[in-house]
Amino acid sequence: MNAPSLTMSTPSAPSALSRAWRHPLARPLAALALLLGFAAFTVPGFLHLEIKDGHLYGSLVDILHRAAPLMLAALGMTLVIATRGIDVSVGAVVAIAGTVACLLVGSHGLAVALAAALGAALLCGLWNGLLVSALGLQPIIATLILMVAGRGLAQLLTDGQILTVYEPASFFWLGGGWLLGLPVSLFVVAVVGGLTALLMKRTALGLFIQTVGINPVAARLAGVRTAAIVFFVYVYCSLGAGLAGLMISSNIKSADANNAGLLLELDAILAVTLGGGQLSGGKFSLAGSLIGALIIQTLTSTIYALGVPPQVTMVVKAVVVFAVCISQSSAWSTWRKA
Amino acid sequence: MTTTAQQPVLALTGIHKSFPGVKALTDVSLRLFPGEVHALMGQNGAGKSTLIKVLTGLYQPDAGVIKLNGETIAPRRTEDAQQHGIRTVYQEVNLCPNLSVAENICAGRFPRKWGRIDWPAVHAEARRVLAQMDIDIDVTAPLSRYSLSIQQMVAIARALRISARVLILDEPTSSLDDAAVQRLFTVLRRLRDQGLAILFVTHFLDQTYALADRITVMRNGETEGEYLASDLSRLALVNKMVGAPPDQQPTRLDSRAPQTGAPVLKAEGLGRRGALHPLDLELRRGEVLGLAGLLGSGRTEAARLLFGADAADTGHLTTDSHRGRWSSPRDAIAAGLAFCSEDRKHEGAIPDLSVRDNILLALQARTGLGLCMSHEQQQALADDYIQRLGIKTASADTPIGQLSGGNQQKALLARWLATEPAVLILDEPTRGIDVRAKEDLMDAVRALAHKADGAGMSIVFISSELPEVLHCSDRVLVLRDRRAAGLYGRGELDERSVLEVIAAEPVTA
């Protein structure tokens, strides 16, 4: 609405460009492009891509691959946040799903392990959804319970040990395999993202989610099943986290109940915010959140590549995030106009 | 009792205030004299709250003068108004229940000694203020230990603590029982006799007459007039609140559809504790049933129970397909009901979403998830209603929040028409929209019900404006004190008798 006018060299023809700038995805994309540009200049060979053994290698592919679990978590978080909610148990669900899979895959085979891991994630989602929609708990408190308890539960399952998986090799395909020369994880994200987008566009679910987020009272009076919608988004978010957990444990060939997906929920919330989503609920953009996830991963990868000491990494990350968030704040754009 | 010869302590003249799309106050005047209780009366949306907010510095008027003891003031913030001695106690007690009475009274301005809070002085100060009001309680006890009425008194004590000249009470009695109201009134009379000017906002007639010396009536954002309470009969007061009779006898009776059809919705003993006494109601096919009554008479409560927006705890409803009570609005919608809430902003519009999505919402919610209409169908349906109802919007993609009040109202009406309901409940559909839009809307309502083939919609029409109810309705149910007080059929609709029923002494249960 009150998008600041872009600093233009030709003020006579602002329409096309400033219209494009007003597109909700414009700023996240610009931020990503800036970061990539910076990395291309400072990190040698950042843009280099090569085909080895029929697989595409390079920093860009690496970023996409590493961002995959975060993108899955961000998709779910997008819907949760759209209903004015929040889910801080994502990391814990990652740990649970990974642990369950690693526990079972050796003895019961791949199919059972995957089903059980996703089943465990589903249970987590049902639990969160029940607390928020049926019992009316505040989302942050409701999901905090699982955030705290989940990791403990996962550690109970592994007796506090890191579970390493040696076989079957098929288990490593999901998080480390290749398909058509690209990492499998990218296809997983594409399929989940595509299905979600389809679900939002082709059914009224997207409309209902936004309605519940913007005005839950009006939604109920218009006949929307508000409780069911809220229930759904938590279940969906947990399933995404479960899938991310499978991906992570498959990639590192082990289940680390202590560290797998640690603080992933915060990165997911950040990705949604960077993608233009408002924590106050309402309008959401799945594409924006995916771009947000890529911004975070590009940042992390670039910082590592530059050899910045790990202690400083978080600070650099915070500075960039701060800058992007400020550029999106409405107070900032009003202030700049004035 | 005051005389006009005295100088008013507070005088507002020619106050104007507009919001985008709405004229909230037009040329409003108000005078307050020291040592009087002045009642500010008016229906829903009459402009009482806006006027109070102008007085307390929350809103700045677009035009007009506020004079305090003859000097012009322009409060820009609530702190300014407080500095001038204008103190307000709001409807909801906004104190901290877990703090002590004394802390609540002195919060923000604690007596200090050597930079630290002087607790003995805090307690003494609290006792002093309460003693003024003839109240003796333990000021060190937490506020939550006391009843609502005492909490209300503490709120007043807090307001009075520092040099109050004008005390504004915004519906202070709405959460109090009779005994508590009497206690409050005793205190207020005492304060009045001490020379305080008290502005008392209420919609309870009997309380007004029990307490007020002078009454200012507002209607439609304008000052209807200022009267001595002793000179104004209840009937006259109600008449001024709900509006003068229509200029001409409406011609609608002739163009009316023939006798309305079979009952489509029947309520027997429908009620909810604290909201509505058990109510019987019958709605026939193709008729407009008006619900008349003052604010708080049970009009809105009845509408909400009929639709299942609130759960009824007694009685049952009968429609063609259903008998019992609604467990949620979804049940009512499935049975062919529709409900436009009086609170457009909080219970109707989804402001960030497009006009199209807003129109489609109820239909889509009833259809469910699976059968989503194609984009072309959605667009066609939205465009159809935009055109039929004359909704002024740049396009169907415009967020509904950017539309004027009247056009938002039409879009919300479209939301329900799209579900093709058998029963349409309209709660204050004309509120906050301009005169022209009101007439359009009332024409639309009548056209919906009065179809030549007798297959029109059945409509429950609620308005604070009695002329509108009389103009629109085939039958009128008058509510008073949360129960039915009279039912008027065709040919019996007579403004005066309806007014008498609305204004009558409250029934003592």
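Look up a bit, the structure's there.
Now for a description of the structure that goes with this document.

Rules and cut-offs
- Residues numbered from 1 in each chain as written.
- Chains lettered and ligands numbered in written order.
- Predicted model: local features only at pLDDT ≥ 70, side-chain atom pairs only at ≥ 80, totals over all residues.
- Contact = placed C-beta atoms within 7 Å.
- Helix = DSSP H or I, 4+ residues; strand = E, 2+ residues; numbered from the N terminus.
- Buried ≥ 20, exposed ≤ 12 C-beta atoms within 10 Å, placed from the backbone.
- Pairing = 2+ DSSP bridges.
- Axes fitted to C-alpha atoms, helices over the stretch in contact; angles between N-to-C directions.
- Parallel < 35°, antiparallel > 145°, perpendicular 65-115°, else oblique.
- Left-handed = near helix turned anticlockwise from the far one by under 90°.
- Nonpolar A, V, L, I, M, F, W, Y, C, P; charged D, E, K, R; others polar.
- Core = buried A, V, L, I, M, F, W, Y, C linked by C-beta atoms within 7 Å.

Section: the interface of chain B and chain A
A common measure of how large an interface is: the accessible area buried when the components associate.
So, point 1. Contacts between the two partners involve 24 residues from chain B, matched on the other side by 19 residues from chain A.
So, point 2. Listed by contribution, the elements that provide at least two residues to the side of chain B that touches chain A are α11 (329-334), α12 (344-347) and α13 (355-367) of chain B.
So, point 3. Here the side of chain B that touches chain A gets six residues from one element, more than from any other, and that element is α13 of chain B.

Comments concerning unusual backbone geometry
So, point 1. The residue R84 of chain A is not glycine, and still its phi comes out positive at about 75°.
So, point 2. By secondary structure assignment, the location of R84 of chain A is in the loop between α3 (59-82) and α4 (90-108).
So, point 3. Judged by C-beta crowding, with 17 C-beta atoms within 10 Å, R84 of chain A ranks as partly exposed.
So, point 4. The phi torsion at N220 of chain B lies on the positive side, around 55°, for a residue other than glycine.
So, point 5. Locating N220 of chain B in the fold gives a position in the loop between β11 (214-219) and β12 (222-228).

Considering the sheet that holds strand β4 (residues 63-68) of chain B
Residues and elements named next belong to chain B.
So, point 1. Sheet architecture is open: four strands sit in the order β2-β1-β4-β5, paired in antiparallel fashion. A single partner strand is all that each edge strand has here, and the edge strands are β2 (22-32) and β5 (71-73). Geometrically, the sheet is characterised by an average inter-axis angle of 30° between neighbouring strands, direction not taken into account.
So, point 2. Sheet analysis places β4 next to β5, joined by three bridges and oriented antiparallel. Residue pairing for β5: I66 is matched across the bridge by I73.
So, point 3. Where helix α1 (residues 48-55) meets the sheet, it contacts β1 (10-19) and β2, and its direction lies at approximately 65° from that of β2.

What to know about helix α10 (residues 299-307) of chain B
Since there are 3.6 residues in each turn of an α-helix, residues three or four apart along the chain are aligned in direction.
Residues and elements named next belong to chain B.
So, point 1. Burial of α10 is extensive: nine of the nine residues sit out of reach of the surface.
So, point 2. R299, T300, E301, A302, A303, R304, L305, L306 and F307 are the residues of α10 that are buried.
So, point 3. G308 lies just past α10 and shows a positive phi near 80°.

Topic: the pairing of strand β21 (residues 475-480) of chain B
Remark: a regular strand shows side chains that alternate across the two faces of the sheet.
Residues and elements named next belong to chain B.
So, point 1. Counting buried residues along β21, five of its six residues qualify, which places the element largely inside the surrounding structure.
So, point 2. Both strand β15 (residues 288-292) and β21 contribute to a ladder of four bridges, which runs parallel. Bridging from a neighbouring strand, L289 pairs with R475 of β21.
So, point 3. With five bridges joining them, β21 and strand β22 (residues 483-488) adopt antiparallel strand pairing.

Section: the packing of helix α5 (residues 110-134) of chain A against helix α11 (residues 226-252) of chain A
Residues and elements named next belong to chain A.
So, point 1. Relative to each other, α5 and α11 sit at 150°, their axes nearing to 7 Å. Relative to α11, the element α5 is oriented roughly antiparallel. Of the two possible hands of crossing, α5 and α11 adopt the one that is right-handed.
So, point 2. Residue classes in the contact of α5 with α11 are distributed as 19 nonpolar, seven polar and no charged.

Section: the nonpolar core
So, point 1. Ranked by internal contacts, the top residues of the largest apolar core, which has 247 residues, are A74 of chain A together with I425 and V460 of chain B.
So, point 2. Apart from residues no more than four positions distant in its own chain, I425 of chain B is found in contact with A303, L306, F307, L337, A338, F339 and V460 of chain B.

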